[in-house]
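# Structural overview for review
So the chains spell out like this:
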Amino acid sequence: MEIKEFTIADLKKAIILDNLWDTEIVPISKQRAISQVNNPRAAEDDIVLLVGYEDNRVIGYLGILPDTIIIDNKKHKIGWFSGWWVEPAQMNTGIGVLLLFKALHHYNQSIAVLGLSDSAKKVYEASRKFITIKKLEVMIILFRLSSSYFLPRKIPKLKKFLQTLKFLDFVVNSIMNFRLFIWKRINNIHKNIKFEYINEIDEETKQFVAKYNKDELTRRSSVELNWIIKYPWILSSPLKDKISSGYYFSSESERYLYMNVKVFSSNDEMIGFIMFKLRDHHLEVPYLYYCSKHIKQILYVIGYHMIEMNVSIFMTHNEDLIRNFADIKFPYLYKRKTPSPSFISRRFKGINFENYHLQDGDGDRVF
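Residues numbered from 1 in each chain as written. Predicted model: local features only at pLDDT ≥ 70, side-chain atom pairs only at ≥ 80, totals over all residues. Heavy atoms only, no water.

Time to look at the sheet that holds strand E12 (residues 270–279). Ordered by their spatial adjacency, seven strands build an open sheet running E8-E11-E12-E13-E14-E7-E15, and the pairing between neighbours is mixed. Looking at the sheet topology across the chains shown, the edges are occupied by strand E8 (193–198) and strand E15 (334–340). Ignoring strand direction, the axes of neighbouring strands in this sheet form an average angle of 25 degrees. The pairing of strand E7 (residues 136–142) with strand E14 (residues 313–316) spans four bridges and is classified as antiparallel. Within E14, the residue paired with Ile-140 across the bridge is Met-315. Against the sheet, helix H9 (residues 295–308) makes contact with E8, strand E11 (256–265), E12, strand E13 (282–290) and E14, and its axis sits at roughly 30 degrees relative to E12, the strand it touches most. (Pairing = 2+ DSSP bridges. Helix = DSSP H or I, 4+ residues; strand = E, 2+ residues; numbered from the N terminus. Axes fitted to C-alpha atoms, helices over the stretch in contact; angles between N-to-C directions. Contact = heavy atoms within 4.5 Å.)

Here we come to helix H7 (residues 203–212). Of all the positions in H7, only Thr-205, Phe-208 and Val-209 are classed as buried. With its buried residues spanning 100 degrees around the axis, H7 presents them on a single face. (Buried < 20%, exposed > 50% of the residue type's maximum accessible area, 1.4 Å probe, protein only. Arc of directions from axis to C-beta.)

Mapped onto the elements, Ser-146 comes out in the loop between E7 and helix H5 (147–154). Given a relative accessible area of 8%, Ser-146 falls into the buried group. Separated by 3.3 Å, the side chains of Ser-146 and His-281 make a polar contact. When near neighbours in sequence (up to four residues on either side) are disregarded, Ser-146 contacts Asp-169, His-281 and Ser-312. (Polar contact = N/O pair within 3.5 Å; in protein donor to acceptor, adjacent residues only side chain to side chain.)

Right, let's get into the packing of helix H1 (residues 8–17) against helix H2 (residues 30–37). Two elements in contact, H1 and H2, have axes separated by 9 Å at closest approach and are oriented at 130 degrees. Relative to H2, the element H1 is oriented oblique. The chirality of how H1 crosses H2 is left-handed. Residue-level inspection shows Ile-8, Leu-11, Lys-12 and Ile-15 of H1 in contact with H2, the latter providing Ala-33, Ile-34, Gln-36 and Val-37. Taken together, the residues that form the contact of H1 with H2 break down as six nonpolar, one polar and one charged. (Parallel < 35°, antiparallel > 145°, perpendicular 65-115°, else oblique. Left-handed = near helix turned anticlockwise from the far one by under 90°. Nonpolar A, V, L, I, M, F, W, Y, C, P; charged D, E, K, R; others polar.)

It is worth spelling out empty space enclosed by the protein at this point. In the structure shown here, the tally under the stated rule is three cavities of 30 Å³ or more. Its boundaries defined by the atoms lining it, the largest cavity holds a volume of some 80 Å³. Around the largest cavity, the lining comprises 14 residues; the ones closest to its centre are Ile-28, Arg-32, Gln-36, Gly-63 and Ser-82. By residue number, the principal contributor to the lining of the largest cavity is strand E3 (residues 57–71), which donates four residues. Taken together, the residues of the lining of the largest cavity break down into nine nonpolar, four polar and one charged. (1 Å grid on protein atoms, 1.4 Å probe; cavity = no way out; pocket = protein on both sides within 12 Å on 5 of 7 lines; lining within 4 Å. Points joined across faces, edges and corners; volume = space filled by probe spheres on them.)

Within the structure shown, the criterion is met by 21 aromatic pairs. With 6.1 Å between their ring centres and 20 degrees between their planes, Tyr-61 and Tyr-247 make a pair best called stacked. Of this pair, Tyr-61 sits in strand E3 while Tyr-247 sits in the loop between strand E9 (235–236) and strand E10 (252–253), and the two are 186 residues apart along the sequence. Classification of Tyr-61 by relative accessible area gives buried; the value is 0%. Given a relative accessible area of 7%, Tyr-247 falls into the buried group. On the basis of an interplanar angle of 85 degrees and a centroid distance of 5.5 Å, the ring pair of Phe-143 and Phe-330 is categorised as edge-to-face. Highlighted residues: Phe-143 in the loop between E7 and H5 and Phe-330 in the loop between helix H10 (319–324) and E15, separated in sequence by 187 residues. Look at Phe-143 and you get buried, because its relative accessible area is 0%. Assessed through its relative accessible area of 4%, Phe-330 is described here as buried. Cluster of aromatic residues (ring-pair linked, three or more members): Phe-143, Trp-183, Tyr-300, Tyr-304, Phe-325 and Phe-330. Over the face of the ring belonging to Trp-21 we find Lys-30, whose NZ or CZ atom lies 5.1 Å from the ring centre. (Phe/Tyr/Trp six-rings, centres within 6.5 Å; stacked < 30°, edge-to-face > 60°. Lys NZ or Arg CZ within 6 Å of the ring centre and 35° of its normal.)

This part takes up the sheet that holds E3. Taking strand neighbours across the sheet as the criterion, the seven strands line up as E1-E2-E3-E4-E5-E16-E6 in an open arrangement whose pairing is mixed. Each edge of the open sheet is held by one strand with a lone partner, namely strand E1 (2–7) and strand E6 (130–132). On average, each strand axis in the sheet is inclined to that of its neighbour by 30 degrees, with strand direction left out of account. As paired strands, strand E2 (residues 47–54) and E3 are joined by six bridges and run antiparallel to one another.

This brings us to the pattern of salt bridges. Evaluated as defined, the whole model comprises 16 salt bridges. The partner of Lys-30 in a salt bridge is Asp-18, with the nearest N and O atoms 2.8 Å apart. One end of the pair, Lys-30, is in helix H2; the other, Asp-18, is in the loop between H1 and H2, with 12 residues separating them in the sequence. A residue is classified by how much of its surface remains accessible, and Asp-18, at 36% relative accessible area, is partly exposed. A salt bridge links Asp-202 to Lys-262, with the shortest nitrogen-to-oxygen separation between them at 2.8 Å. In this pair, Asp-202 sits in the loop between E8 and H7 while Lys-262 sits in strand E11, placing the two residues 60 residues apart along the sequence. (Salt bridge = Lys/Arg side-chain N within 4 Å of Asp/Glu carboxyl O.)

Attention now moves to the packing of helix H6 (residues 162–186) against H9. Running from N to C, H6 and H9 point in directions that differ by 145 degrees, and their axes come no closer than 11 Å. Handedness of the H6/H9 crossing: left-handed. Here Leu-180, Trp-183 and Lys-184 of H6 come into contact with H9, specifically with Tyr-300, Gly-303, Tyr-304, Ile-307 and Glu-308. Residue composition of the contact of H6 with H9, by class: five nonpolar, one polar and two charged.

Right, dumping it as structure tokens:
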């Protein structure tokens, strides 16, 4: 067994030579590699991918996203885990743990991870190398039914009932669309809210973000936000291509885009900036900057986009959005809140992370 380490410089060479995607199992998608090498917070010698090989066959890999966090106005280099996979037959060989400890070593015990499954959470807790960053929760709101889309993907046997599921969606959504139409008529945001769409962070937005990002752990600037917009990890496509078929994490979706919205009051004062992330039937707000007294107006703008972008599910970790969502009386079928684990290396044990704000897009969640 051999573990190869890939730095930013190595990925640049791999993109030119196109030789990292010749294996049956692909350790990183090409668009992730392109995004990684353009990461403004990454250095040439930062290790961003660890790959385990046996007889030239990929048996495990671990991706790392280089970043900087700001604590007491001091910068700390960290790596966010992103894409940790081990071949099922190799689960008991220790390859996964070896990848984990190598990553910790290369990043000077400065590793963090957000948005874990229950099984992954147990691994991090058992390693005794991590502490909880913050006790986060995610609010999931279902306001349209998409059973014909989701259920056959989870339970293939249900494909034979596709027409029945489509009819169920039609009936439920006809009722919900009428309720959503009434909500829009009652809450006509165009009377006192204006907005502007942008495809990159302009000077006005740059200044606005800088004003409201001071309590953030990652403290994104216009440079990082423009990098995210320009170099996504997932592409919109109707079918899987040859690389995505061998990659065990997301690289393609039927619909995937970022939408960036500047929000203004009726007197043209900028009161918010919203980055939307649309993926198929899901809508999220990975980055949101706003004046707290205008949180209700921000929620109305989000609600309008939830309706107009024809999605079914909205998800957020933002505490203000969760706390104030009921105030706009948005119609929905189902709403729940659930814990969202977050971990960082023990070397940061003495830090009170409750003093710092985590955005929904921090780590690799923006992608």
